[in-house]
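One-letter residues, chain by chain:
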Amino acid sequence: QLQGLTPSGLGLRVWNALVSMGLALLVSLTAHCSHPQAEGASQGGLDASRADLWASASASLLQGFWCQPAGQLSRDQLAALIRRMATQHVLLRAWQLSCLANLAAQQGLQGDFELHPPDLLLFYNLTQVKEADCRAFIRRAAQGDTELLANLPDQRAALRHRALACLGGPRPSLSASDLLLLGVLVCDMDASSIVAADPHVLQNLQHCPRLTAAQQAALNRLLASGRTGSQRCSGPDSEPPGSWNLEGLRALGHLASYISPGLWMQLQEAVGLDFFRSIVAACRAGQLKQRDARRFVTSFLEAKSKAVSSPSKRDTGRPCVRGNITAATLHDDLFLMRYDCGQLESCLGSRVLRANLDPLLQHPLPAECQQVVKAKLARVYPGGVPEEQLRLIPSLVYLYSLSEIGQWHVTSKDTVVTLLAPDGALENQTEAILQKFLDHNGTVTGALLVAIGGSRLCWMSPRQIQAIRPSEFRLAGALDISSCPQTRKNVLFDKAREAFASASTTDTYYRFMRPYLGGAPVEELRHLAQANVSMDIDTFTNLNPRVLQSLSVGNVTTLLGPNVGDLQKARSHPIISSWLRSLNRSALSELGLDTDPTGPTSSAHSTTGTPTPSWTEGAPSVPPAHLGYLPLAMALPTGLLWLLYGGTPRPSWHHPQGMVEDRTAPAPHAGEQGLAREAGHLPRPRCRPWGTWPHPPS
């Protein structure tokens, strides 16, 4: 199974990941085989006599948390598990958190919320939060990641309303103490509330993964106002733009990328140049995402062009006035300040381009300059960009047509991973790039699937998906395909069922198949319901809407089991609301959903009273625990578990349709650039996520 998985063949990061997983597998197997209760545990039992191990499990083991076996823990054991997750800062996914929250509620553990992970609090039943605990609960929950509630819009709305209720109700502006309490919940604020809030709102906004266009405009209005803040340095939260300094700009973090050209024009030139230099240096060093750095550079250069009396315009016939671009020029962090896109076209020679494509593309080039580079590459390589250069151009791939991609020669998995990186090819270019690889006798391996990520599966052709060997699909394990169109989900479900058909038990099969249930037919879901799998609400919201319409209330109630109450948290989700509209009032009453979702008794409003205009109504979305407490099938990474089978046939769980489906913990989005990067053969990652603006690398 591991043939060909070598450092030279996969890249160091993939190899190291597999080695780590392999060591975890070895340690787990050793512990399992030496455990006197191993046989019982492998059959689904939990060894209550060694519950103390939950309290010492590593974060990597706890990340594989699975609800079904955890449901057999005692109250004290579950409490210890949750506390350990908090102290180890274990990052669970929405499907894990929703069912864990229900387990905690069943055991009466919500009252210990201060010892629980902030992400878990987001999924708790807010009606059970005591009034005396309101502020403390919201303060801790507001440290979580609200994007986890992408499929639970009513829960997200209820959380916002509950937060405002804790503050005493709606108010015209939020104070610094209010903002400290609200934390990341501020990311759902509308534009007017941002402008009216205390300047400390900037600290809250730094934790938002993205800002809407209206929020960006509000941010610039707030920055332009120059309202006095409490920061020690002279920066955007304390002074008008003309008084900003370098330290204050760096303190803004990624919010600086949203500053408008109009504000950059007011900045002192020396401060602007220093800041520009620091951003480009950090980006070239791989410390910032190129997307964010490019947004900043584009805005800053637009301000620069407006500031000069006669702004230069791109003119293909304009002579080179800045001097020919050399290798040394491209290592200057102020390169883009000295060469606009017109001068880039006039001053960059073919020989320098061929020899220095990597340092050139390490700069966060504006879109116009990217077009210049693409055109120059076409003149240098009229027969298509050679493969060694393809590995350097992921930031340009989106500019290429399918016919141009057809000229490429793609023979290496490393090249595929680089081109299909998250900031690389467009979704609809996936099939063409992958086909060039397959045309050169390439194969889609499990490691490659992990490296490019589940979202790329959405854009492979049905023929490409069907050509994946079941053994490789098993090795890839659980991939997140929730963003796929329904037609692809259907194809991927069939492929997953083929790959995991040899699962020895229903629970094992369900775990492997869970991510692919979005393509399951109605017969599969009915059989899952009969098997009492207790589907989580996050998986449920990704089911085929047409199939869901064919399920009765009884089917859904049995399918969700103890998680059925979570329908209240997702009743506004398009798939859920469509199904609910097909039910009569009696059926809705059976589900506890017979009240108007906009009425006073609904989940989103029952704990808050009057809604407030201060918030937007919508949001701008491994190895498991110790083997002594989880069945072996639940305790191994989904891909490596299949290494145990080694081709030995295992009994299938049969029913009229064939196999039942499930979704496993979505694997990390492994399409990050460089995951399968081979040392010495691929360029370093262009730019990585930023928190606060770093100082230039020394």
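Residues numbered from 1 in each chain as written. Predicted model: local features only at pLDDT ≥ 70, side-chain atom pairs only at ≥ 80, totals over all residues. Heavy atoms only, no water.

## Remarks on the nonpolar core
Most often, soluble globular proteins keep nonpolar side chains buried together rather than apart. One finds F65, F276, V373, W408, M535, F540 and L567 to be the most contacted residues of the largest nonpolar core, which totals 188 residues. Counting residues per element, this core draws most heavily on helix α7 (residues 94-106), at eight residues. Residues in contact with V373, not counting those within four places in the same chain, are L344, L353, L357, L360, L361, L365 and L396. (Core = buried A, V, L, I, M, F, W, Y, C linked by side-chain atoms within 4.5 Å. Buried < 20%, exposed > 50% of the residue type's maximum accessible area, 1.4 Å probe, protein only. Helix = DSSP H or I, 4+ residues; strand = E, 2+ residues; numbered from the N terminus. Contact = heavy atoms within 4.5 Å.)

## A short note on unusual backbone geometry
Backbone geometry at N441 places phi at a positive 65°, although glycine is not the residue there. Residue placement: N441 occurs in the loop between α28 (430-439) and α29 (446-452). Of note, the phi angle at S534 is positive, near 55°, even though the residue is not glycine. The exposure class of S534 is partly exposed, given its relative accessible area of 26%.

## Looking at helix α34 (residues 506-513)
Counting buried positions over the eight residues of α34 gives seven, a clear majority of the element. All of the buried residues along α34 are T506, T508, Y509, Y510, R511, F512 and M513.

## Describing the state of the cysteines
Under the criterion given, the structure shown has six disulfides. The side chain of C187 participates in a disulfide bridge whose partner is C208; the two sulfur atoms lie 2.0 Å from each other. Handedness here is read from the sign of the S-S torsion; for C187 and C208, about -100°, the answer is left-handed. Taken together, the residues span a long stretch of sequence, with C187 in the loop between α11 (176-182) and α12 (191-196) and C208 in the loop between α13 (201-205) and α14 (213-225) at a distance of 21 residues. (Disulfide = S-S within 2.5 Å.)

## Here we look at the packing of helix α6 (residues 75-87) against α7
Between two packed helices, both the angle of their axes relative to each other and the distance between the axes serve to describe the pair. Following both chains from N to C, one finds α6 and α7 inclined at 135°, their axes separated by 10 Å at the closest point. Taken as axis vectors, α6 and α7 run oblique relative to one another. Considering the relative orientation of α6 and α7, their crossing is left-handed. Contact with α6, carried on its side by L78, I82 and M85, involves L100, L103 and A104 of α7 and no other residues of that element. (Axes fitted to C-alpha atoms, helices over the stretch in contact; angles between N-to-C directions. Parallel < 35°, antiparallel > 145°, perpendicular 65-115°, else oblique. Left-handed = near helix turned anticlockwise from the far one by under 90°.)

## Quick notes on the packing of aromatic side chains
Counted under the stated rule, the structure contains 15 aromatic pairs. Centroid distance F296 to F300: 5.5 Å. Interplanar angle 45°. Geometry classified as tilted. Of this pair, F296 and F300 both sit in helix α18 (residues 290-307), four residues apart, which is roughly one turn of the helix. No difference in accessibility class separates F296 from F300, as the two residues are buried. Grouping aromatic residues by their ring pairs yields a cluster made of W264, F275, F276, F296 and F300. If you follow R511 out to its NZ or CZ, it ends over the ring of W66, 5.3 Å from the centre. Residue placement shows R514 over the ring face of W95; its charged tip is 3.9 Å from the ring centre. (Phe/Tyr/Trp six-rings, centres within 6.5 Å; stacked < 30°, edge-to-face > 60°. Lys NZ or Arg CZ within 6 Å of the ring centre and 35° of its normal.)

## Observations concerning the confidence of the model for the protein
Detailed reading of the predicted model is not advised wherever pLDDT is low. Of the residues in the protein, 74% have a pLDDT of 70 or more, and the chain-wide mean is 80. Model confidence for the protein, summarised as mean pLDDT per element, is weakest for helix α3 (residues 38-42) at 30 and strongest for helix α8 (residues 118-121) at 98. The low-confidence segment residues 598-613 (pLDDT under 50) makes 35 contacts with residues lying over four places distant or belonging to another chain. pLDDT under 50 marks residues 617-698. Its contacts with residues more than four places away, or in other chains, come to 320 contacts. (pLDDT = per-residue confidence, 0-100.)

## Comments concerning the packing of helix α9 (residues 134-141) against helix α10 (residues 153-166)
Following both chains from N to C, one finds α9 and α10 inclined at 135°, their axes separated by 9 Å at the closest point. Taken together, α9 and α10 sit at an angle that is classed as oblique. Here α9 and α10 pass one another in a crossing that is left-handed. Here C134, R135 and I138 of α9 come into contact with α10, specifically with L159, R162, A163 and C166. The class makeup of the residues in the contact of α9 with α10 is five nonpolar, no polar and two charged. (Nonpolar A, V, L, I, M, F, W, Y, C, P; charged D, E, K, R; others polar.)

## Some points on the pattern of salt bridges
Within this structure, the stated rule accounts for 19 salt bridges. Close ionic contact of E131 with R162 constitutes a salt bridge, the shortest N to O distance being 3.8 Å. Here E131 is found in the loop between α8 and α9, whereas its partner R162 is found in helix α10, with 31 residues between them in sequence. For R162, a relative accessible area of 5% corresponds to the buried category. Between D333 and R284 there is a salt bridge whose closest N-O contact spans 2.8 Å. (Salt bridge = Lys/Arg side-chain N within 4 Å of Asp/Glu carboxyl O.)

## Brief notes about helix α39 (residues 574-581)
Three or more residues of α39 are buried, namely I575, I576, S577, W579 and L580. Buried residues along α39 sit against α36 (537-540), α37 (545-549), α38 (553-560) and α40 (585-591).

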